[in-house]
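Geometric and topological summary
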Amino acid sequence: SAVISQKPSRDICQRGTSLTIQCQVDSQVTMMFWYRQQPGQSLTLIATANQGSEATYESGFVIDKFPISRPNLTFSTLTVSNMSPEDSSIYLCSADRGNTEAFFGQGTRLTVV
Amino acid sequence: AQTVTQSQPEMSVQEAETVTLSCTYDTSESDYYLFWYKQPPSRQMILVIRQEAYKQQNATENRFSVNFQKAAKSFSLKISDSQLGDAAMYFCAYLIWEGAQKLVFGQGTRLTINP
C-alpha cells in the first residue's frame, strides 16, 4: 500500500504563531484529507484538499484559520494560523486513490503554549 | 446526519483470548462502506478491515473478523487469539459521499491486552 510521510511529527509553538504541516505521498492520489484529533477524542475532518482548486472545508473550520495547499497529486500542506492553546491536537493527513480505502500519515502532535 | 457510535470507551482482554468491539451507525443510504482502524501509541491510523454494505458475507482478515448486521446497522469487530501488539485505540468508521467521499469516525475504544 502507499505511504504518506508527514512532518513535523511534533512541535511546540508559541501562541499567535503559525505552523505548516506537510504531507508527501509516494504515489499519485485522487484526494487528500486533513483531520484533527483533540486529546482523547476521535478524528474530525477539517477539509478535503483538491488538486488544482480550493480546499473544501467542513462546518466549523475556515480557510483563514486552516489554509491548505495542494499543488500536485502527491503533496499537500495544512497551516494552523494564529495558534492558541485550544489548537493543541494531533493533526493527521490522509489520502485515497479512489478505491475507498484511506491511508494515513503518522500524525503531527502540536502543543501550543 | 450519519453518525457512528462506539459504546465501549475501554475494553480489556487476556492475551490469546477473543474480544469483540461494538459499533453501530446511522444512515439512510443502502450502499456504503464500513471500516475498522487501529491507532497504536505511534498515532498512525492503520486499516484493520473493511466491509462493503452490499456484501452479505462478513469480512475477515487473519485474526480479525466482523459481524455485519445491516438491518440492525451494527458492525462489530472480533479479534481472535489476542496479542500484545493488538493494544491500541480502535475506531469504527463509515464512508459517506457528500459532494466528495469522507470518513466519519466513532469515538473509539481503547483495547488493553493483559499478559
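For the structure, check the block above.
Structure report, in brief.

A cis amide bond links Lys7(A) to the next residue, Pro8(A), at an omega of 5 degrees. Following the sequence through the fold, Pro8(A) ends up in the loop between strand E1 (4–7) and strand E2 (10–13). A positive phi angle, close to 55 degrees, is found at Asn62(B), a residue other than glycine. Considering the arrangement of structural elements, one finds Asn62(B) in the loop between strand E7 (60–61) and strand E8 (64–69). The exposure class assigned to Asn62(B) is exposed, which follows from its relative accessible area of 75%. The phi dihedral of Lys73(B) falls on the positive side, at around 55 degrees, and the residue is not glycine. Locating Lys73(B) in the fold gives a position in the loop between E8 and strand E9 (74–79). Lys73(B) gets classed as partly exposed once you look at its relative accessible area, which sits at 27%.

Quick look at the interface of chain B and chain A now. With 20 residues of chain B at the interface, the matching set in chain A holds 24 residues. Across the interface of chain B and chain A, roughly 1,800 Å² is buried in total on both sides, 51% from carbon and sulfur atoms. On the surface where chain B and chain A come into contact, there are two salt bridges. Note that Glu58(A) and Lys102(B) form a salt bridge whose closest N and O atoms lie 2.5 Å from each other. Counting across the chain B and chain A interface gives nine residue pairs in polar contact (both at pLDDT 80 or more).

The subject of this paragraph is the environment of Val29(A). All names here are of chain A. Secondary-structure assignment places valine 29 in the loop between strand E3 (19–25) and strand E4 (31–37). Spatially, the C-alpha atom of valine 29 lies 4.6 Å from that of arginine 97, the residues being 68 residues apart in sequence. The contacts of valine 29, once residues within four sequence positions are left out, are Arg70, Leu73, Ala95, Asp96, Arg97 and Phe103.

A word on the pattern of salt bridges. Enumeration over the complete set of coordinates arrives at seven salt bridges over all chains. The partner of Lys55(B) in a salt bridge is Glu52(B), with the nearest N and O atoms 3.9 Å apart. A relative accessible area of 10% places Glu52(B) in the buried class. What you see here is one network of salt bridges that share partners, running through Glu101(A), Arg50(B), Glu52(B) and Lys55(B).

A word on the sheet that holds strand E7 (residues 68–72) of chain A. Residue and element names in this part refer to chain A. Spatial ordering of the open sheet is given by E1-E3-E8-E7, a layout of four strands whose pairing is antiparallel. For this open sheet the edge positions go to E1 and E7, each flanked by a neighbour on one side alone. Strand-to-strand twist across the sheet, computed as the mean angle between neighbouring axes with direction ignored, equals 15 degrees. Pairing of E1 with E3, which is carried by four bridges, proceeds in the antiparallel orientation. If you follow glutamine 6 over to E3, its bridge partner there is cysteine 23.

On to the state of the cysteines, then. A full pass over the atoms with the stated rule returns two disulfides over all chains. Each sulfur of the disulfide joining Cys23(A) and Cys93(A) lies 1.7 Å from the other. Across the S-S bond of Cys23(A) and Cys93(A) the torsion is about -90 degrees, and the bridge reads as left-handed. In this pair, Cys23(A) is assigned in strand E3 and Cys93(A) in strand E9 (residues 89–96), connecting sequence segments 70 residues apart. The class of Cys93(A) is buried, set by a relative accessible area of 0%. Disulfide partner of Cys23(B): Cys92(B), at an S-S distance of 2.0 Å. Residues Cys23(B) and Cys92(B) share a disulfide whose torsion about the S-S bond is about -70 degrees; that sign makes it left-handed. One end of the pair, Cys23(B), is in the loop between strand E3 (19–21) and strand E4 (24–26); the other, Cys92(B), is in strand E10 (residues 88–98), and 69 residues separate them in sequence. Neither Cys23(B) nor Cys92(B) differs from the other in exposure class; each is buried. Here Cys13(A) is not cross-linked by a disulfide; its sulfur's nearest cysteine counterpart is in Cys23(A), at 16 Å.

About the criteria used
- Residues numbered from 1 in each chain as written.
- Chains lettered and ligands numbered in written order.
- Predicted model: local features only at pLDDT ≥ 70, side-chain atom pairs only at ≥ 80, totals over all residues.
- Heavy atoms only, no water.
- Helix = DSSP H or I, 4+ residues; strand = E, 2+ residues; numbered from the N terminus.
- Buried < 20%, exposed > 50% of the residue type's maximum accessible area, 1.4 Å probe, protein only.
- Contact = heavy atoms within 4.5 Å.
- Buried area = accessible area lost by both parts, 1.4 Å probe.
- Salt bridge = Lys/Arg side-chain N within 4 Å of Asp/Glu carboxyl O.
- Polar contact = N/O pair within 3.5 Å; in protein donor to acceptor, adjacent residues only side chain to side chain.
- Pairing = 2+ DSSP bridges.
- Axes fitted to C-alpha atoms, helices over the stretch in contact; angles between N-to-C directions.
- Disulfide = S-S within 2.5 Å.

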